[in-house]
Amino acid sequence: MKAELNERITRVGPGTPGGALLRHYWQPVALLDEFDPALDPAMAVRPVKAVRVLGQDLVLFRNAEGTYGLLDRDCPHRGADLAFGRNEGDGLRCPFHGWKFDATGQCTETPGEPAGSKLCSRIRQRSYPLLEKAGTLFAWLGPEGSTPPPFPALDCFEAPASHSFAFKGLWHCNWLQALEVGIDPAHASYLHRFFNDGSLEDSYGKQFRGASVGEVGGERWPMTKVMREFDQPEIAFESMPYGLRLTALRKMTEALTHVRVTNAVFPQTFVIPLSETMTITQMHVPVDDTHNYWYAFFTSFDTPVDKTTMRNQRLATVTLPDYVPKSGRHNHWGFNAEEQQHRTYLGMGEDDINVHDQWACESMGAIQDRTREHLGTTDKVILANRRLLLQAMDTVEQGGTPPGIADAAQHAHISGPDTVDGIAPAQDWQAWWQDAVRAKRAAAPWRNPSAPAEAPATETAGAA
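Residues numbered from 1 in each chain as written. Predicted model: local features only at pLDDT ≥ 70, side-chain atom pairs only at ≥ 80, totals over all residues. Heavy atoms only, no water.

Chemist: Which residues make up the nonpolar core, and what values do they have?
Modeler: Counting residues in hydrophobic clusters, the biggest one holds 87 residues, and the most contacted among them are L60 and F297. Counting residues in each nonpolar core, the second largest holds 16 residues, with C75, L82, A83 and C107 among its members. (Core = buried A, V, L, I, M, F, W, Y, C linked by side-chain atoms within 4.5 Å. Buried < 20%, exposed > 50% of the residue type's maximum accessible area, 1.4 Å probe, protein only.)

Chemist: Outline the packing of helix α5 (residues 175-182) against helix α9 (residues 354-362), supporting the account with residue identities and numerical values.
Modeler: The interhelical angle for the contact between α5 and α9, taken along N-to-C directions, is 135°, at an axis separation of 9 Å. When the interaxial angle is binned, α5 and α9 end up oblique. Seen along the crossing, α5 lies across α9 with a hand that is right-handed. Each of Q177, A178 and V181 in α5 lies in contact with α9, whose residues at this interface are D357, A360 and C361. (Axes fitted to C-alpha atoms, helices over the stretch in contact; angles between N-to-C directions. Helix = DSSP H or I, 4+ residues; strand = E, 2+ residues; numbered from the N terminus. Parallel < 35°, antiparallel > 145°, perpendicular 65-115°, else oblique. Left-handed = near helix turned anticlockwise from the far one by under 90°. Contact = heavy atoms within 4.5 Å.)

Chemist: Summarise the sheet that holds strand β4 (residues 68-72); cite the residues concerned and give the values.
Modeler: The antiparallel open sheet is built from 3 strands, whose spatial order is β2-β3-β4. Either end of the sheet is taken by a strand with one partner, and the two such strands are β2 (48-53) and β4. Within the sheet, the average angular offset between the axes of one strand and its neighbour, ignoring direction, is 30°. (Pairing = 2+ DSSP bridges.)

Chemist: Give me the side chain of Q282: which residues, what numbers.
Modeler: Summarising the element assignment, Q282 is placed in strand β18 (residues 278-288). When near neighbours in sequence (up to four residues on either side) are disregarded, Q282 contacts Q268, T269, F270, W294, Y295 and A296.

Chemist: Give me the lowdown on the pairing of strand β19 (residues 291-300), citing residues and values where you can.
Modeler: Buried residues dominate β19, accounting for 9 of its 10 residues. Note: strand β11 (residues 164-171) against β19, 8 bridges, orientation antiparallel. Residue pairing across strands places A166 opposite F297, the latter belonging to β19. Relative to β19, β18 runs antiparallel, the two being bridged by 10 bridges. Paired with Q282 across the bridge in β19 is A296. In this antiparallel pair of consecutive strands, β18 and β19, the connection spans 2 residues.

Chemist: Break down helix α1 (residues 3-10) for me, with residues and values.
Modeler: At 3.6 residues per turn, the α-helix brings residues three or four places apart onto the same side. Residues of α1 that are buried: N6, R8, I9 and T10. Considering only its buried residues, α1 is in contact with α2 (17-22), α5 and α10 (380-397).

Chemist: Any chance you could break down the sheet that holds strand β9 (residues 130-133) for me, citing the residues and the numbers?
Modeler: With antiparallel pairing, the 3 strands of this open sheet are ordered in space as β1-β10-β9. Of all strands in the sheet, those bounded by a partner on one side alone are β1 (27-31) and β9. The sheet shows a mean angle of 35° between the axes of neighbouring strands, taken without regard to direction. Pairing of β1 with strand β10 (residues 136-139), which is carried by 4 bridges, proceeds in the antiparallel orientation. Bridge pairing in β10 places Q27 opposite A139.

Chemist: Give a description of helix α11 (residues 429-443) that names residues and reports values.
Modeler: The end-to-end C-alpha distance of α11 is 21 Å, a good match for the 21 Å that 15 residues give at a rise of 1.5 Å each. Residues of α11 that are buried: W429, W433, V437, K440 and R441. Relative to the axis of α11, the buried residues are bounded by an arc of 110° and lie together on one face. The elements touched by buried residues of α11 are α4 (155-158), β15 (243-251), β16 (256-265), β18 and β22 (420-425). (Expected span 1.5 Å × (residues − 1). Arc of directions from axis to C-beta.)

Chemist: A description of unusual backbone geometry should follow, citing residues and the corresponding values.
Modeler: In the segment running from L320 into P321, the intervening peptide bond is cis, with an omega of 10°. In this fold, P321 is placed in the loop between β20 (318-319) and β21 (324-325). Put simply, G416 and P417 share a cis peptide bond, and its omega is -10°. Mapped onto the elements of the fold, P417 is located in the loop between α10 and β22.

Chemist: Could you give an account of the side chain of T344, naming the residues involved and the relevant values?
Modeler: One can find T344 in the loop between α8 (337-342) and α9. Polar contacts involving the side chain of T344 include one to the side chain of E339, which spans 2.6 Å. From its side chain, T344 meets the backbone nitrogen of G347 in a polar contact 2.8 Å long. Among all residues touching T344, those that are not within four sequence positions of it are R193, F194, F195, E339, G349 and E350. (Polar contact = N/O pair within 3.5 Å; in protein donor to acceptor, adjacent residues only side chain to side chain.)

Chemist: Residues and numbers for the packing of aromatic side chains, please.
Modeler: The geometry of an aromatic ring pair is captured by the separation of the ring centres together with the interplanar angle, meaning the angle of the planes. Inspection of every chain in the model, using the stated rule, returns 16 aromatic pairs. Ring centres of F157 and F297 lie 5.4 Å apart, and the angle between their planes is 70°; on these two criteria the pair is classed as edge-to-face. With F157 in helix α4 and F297 in strand β19, the pair connects residues that are 140 residues apart, well separated along the chain. By relative accessible area, F297 is classed as buried at 2%. Through pairs of rings, three or more aromatic residues link up here, namely W26, F138, W140, F151, F157 and F297. Its end group placed over the ring of Y345, R193 keeps NZ or CZ at 5.1 Å from the ring centre. (Phe/Tyr/Trp six-rings, centres within 6.5 Å; stacked < 30°, edge-to-face > 60°. Lys NZ or Arg CZ within 6 Å of the ring centre and 35° of its normal.)

Encoded structure:
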C-alpha cells in the first residue's frame, strides 16, 4: 500500500476523510458501568468523565435526574476544561468564571456578569445526542444539525439487559489494525494455538479455551483441537447489506468439515461466536489516531447472562477507571518463553486470549506501516474491507451516504448478523449452518416469548 493511502485510511480527527466517514455512524462513548460507584467510587461524589473519541475532547456527565449530557470540553467562555467542572445536579459549572451548562449544552448562568444580563441565553455549548443501548452510551458525532440514522437493530442491541453484557478495553494502536485482526479468519490457528486442550466443563464466559464445537465419532472436540490440527482454512466472503459475511472451512475428513461463519459490520465492528448460544459483537472505536477502545457486547440466545462472572473475569485484566490493560508493551505483554515452548504458540497466557490479539495489534506500532507488508491468500478479507473503506471515504467526500448501518434505507435489510462455529457434513455444510442458526434463534426466549425462562448458566462452553 502506498504511504498516502495508509494515511488516508488510518487518520480519524476532525477534517480527515476517515474522521468524516466514522462520524456518519453512532459511536460508543462509555459503559454505564463507568458511572457505577461500586466500580468507581468517585462517581458517587461527582458523575463526570473526560471522554476522547475520534480525536475530539468531550465531557460526559449525569445530572440529578439521571440524564446524561455530552458536551465539547472547552468552555465557550475562554476555553477552560469542563472535565473539571462542578456537577451541581442541574448542570455542569465551569470553575473558571462560574458559567453553567445543562445537559443540552444551554448556558443557564453567567454569575460574574451584571445583574439582568441576558448573555447566558445566547450561549450554547455544542452537545451531542446520546442513546443508551446494551449497557452503553452511544453518541452521534456527525455535523451539527445533521440527522443521525436509525440505531441499528443488531442482535446485541435488540436483546434485553438480562441476555446481554458489555465490556471495554484500551489498546495503544490505531483502530484499523485492531479491526483487521478481528476480521482475519486465519490467525486463530496460530496466534491462539494451544498445545493441550482445556476442560470443557469450566469455560463459561471465556473465549476459545475449552470450548466445544461438536462431536467427531462420539467425542466432543474442543475448539483448540480444531484450530491446532486444521490450520489451512478455506476462506470466502460475500457482500451483505451491513458489510461482509465471512466463512472459514477447515476440512477434517471426507465426511466432516469445521464451519465458522463470522461478520464484518462496516466500518468498525465484527460479530463472532463465543459459544453455541452466545455471540460477541466487538467495535473498535478510535480515541485518536494511535489509541482505540474495543467495546465487546456479549449476547445470549439461551439463558440470562451471568454478568458478575463475566465482569469479574475481565476486570482482573484491566485497571479502572479507564479500562487500561495490565499487560502491554511495558511488560512485554506477559511473554513467557517456557510457555511458548511447551503450552502455547505465542507464550502470553492461556486464560485471556484478548492479550494475544492486543500483542498482534500493538506490536505493529502505533500506526501500522502498510507499505512494508506482504499480503497473501488468507488476507482476502483484509483487502476487501480496505477497498470498502476507501470507497466509502470517496462517497462521503462527494456528498453521498456511506454504506451499511449509516444508510437509513438499508436498515430494513439489516438484522443479526448470524454466526456459527461447529462441525458439519462436508457436502451439506451450507444447509447445516443455516439450520443451526434458525434453531438458535427459535430457542431464544427474548425472540420467542413463549420459551421458558432459565437461571443464569454457570457451565456454558465458550469459544473464540
